[in-house]
Amino acid sequence: MKIILVLVILAILFGLGLTLGTQNDQLVQINYLIAQGEFRLSSLLAVVFVAGFVLGWLILGLVMLRLKMNNAGLRKKVDRQHKELEELRALPAKD
C-alpha cells in the first residue's frame with residue numbers, strides 16, 4: 001500500500017513536470033561563476049528538480065545511517081545491561 005502511494009505521488013509530480021515543461025519553451029540566460037549559457041527553461045527546471053531530489057535523498061540517507069548506527073550502539077548497551085541485571089538477579093540475596 002505504501003509503495004502504491006509513493007508511485008501515485010511520483011506520477012503526479014512527473015505529470016506536473018511535463019506540464020511545466022511544455023509551457024516553458026523560452027530560452028533563459030544563466031550566469032554562473034566561470035561561464036554563462038542559454039538553456040531552455042523547461043530543461044533548467046528539470047535539472048534543478050532532479051538535483052534537489054538527489055541531494056535531498058543523499059542527506060536523508062546520511063542522517064538515517066547515522067541514526068541506525070547510533071540505535072545499534074544503544075541496543076548493544078541495553079542488551080549488555082539487561083544481561084548484567086539478569087546475572088545480578090540470579091545471585092543469592094544477602095541477609
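Shown above is the structure to which this text applies.
Quick look at the structure, then. (Residues numbered from 1 in each chain as written. Predicted model: local features only at pLDDT ≥ 70, side-chain atom pairs only at ≥ 80, totals over all residues. Heavy atoms only, no water.)

**Quick notes on the pairing of strand β1 (residues 27-31)**
As paired strands, β1 and strand β2 (residues 36-40) are joined by five bridges and run antiparallel to one another. Pairing of Asn31 across the sheet is with Gln36, part of β2. Hairpin connection, β1 to β2: the antiparallel pair is bridged by four residues. (Pairing = 2+ DSSP bridges. Helix = DSSP H or I, 4+ residues; strand = E, 2+ residues; numbered from the N terminus.)

**As for the packing of aromatic side chains**
Ring pairs (aromatic) are described by centroid distance and by the angle formed between their planes. Enumeration over the complete set of coordinates arrives at two aromatic pairs. An angle of 25° between the planes, with centres 6.5 Å apart, marks the rings of Phe49 and Phe53 as stacked. Taken together, the positions of Phe49 and Phe53, both in helix α2 (residues 41-90) and four residues apart, correspond to about one turn of that helix. Each ring, one from Phe53 and one from Trp57, has its centre 6.2 Å from the other, and the planes form 65°; the classification is edge-to-face. With Phe53 and Trp57 both in helix α2, this residue pair falls four residues apart, about one helical turn. Trp57 sits in the exposed class, given a relative accessible area of 54%. In textbook terms, an aromatic cluster arises when at least three aromatic residues are bridged by ring pairs, as seen for Phe49, Phe53 and Trp57. (Phe/Tyr/Trp six-rings, centres within 6.5 Å; stacked < 30°, edge-to-face > 60°. Buried < 20%, exposed > 50% of the residue type's maximum accessible area, 1.4 Å probe, protein only.)

**Thoughts on the pattern of salt bridges**
Applying the stated criterion across every chain, the model contains one salt bridge. Of the charged contacts, one joins Arg89 and Glu86 as a salt bridge, the two residues approaching to 3.5 Å between their closest N and O atoms. Remark: Glu86 and Arg89 occur in helix α2; sequence separation between them is three residues, near one turn of the helix. (Salt bridge = Lys/Arg side-chain N within 4 Å of Asp/Glu carboxyl O.)

**As for the side chain of Ser42**
Along the chain, the position of Ser42 falls in helix α2. The buried category is assigned to Ser42, whose relative accessible area is 10%. Among the polar contacts made by the side chain of Ser42, one reaches the side chain of Arg40 at a distance of 3.1 Å. (Polar contact = N/O pair within 3.5 Å; in protein donor to acceptor, adjacent residues only side chain to side chain.)

Note that all results are geometric; they support no functional claim without further evidence.
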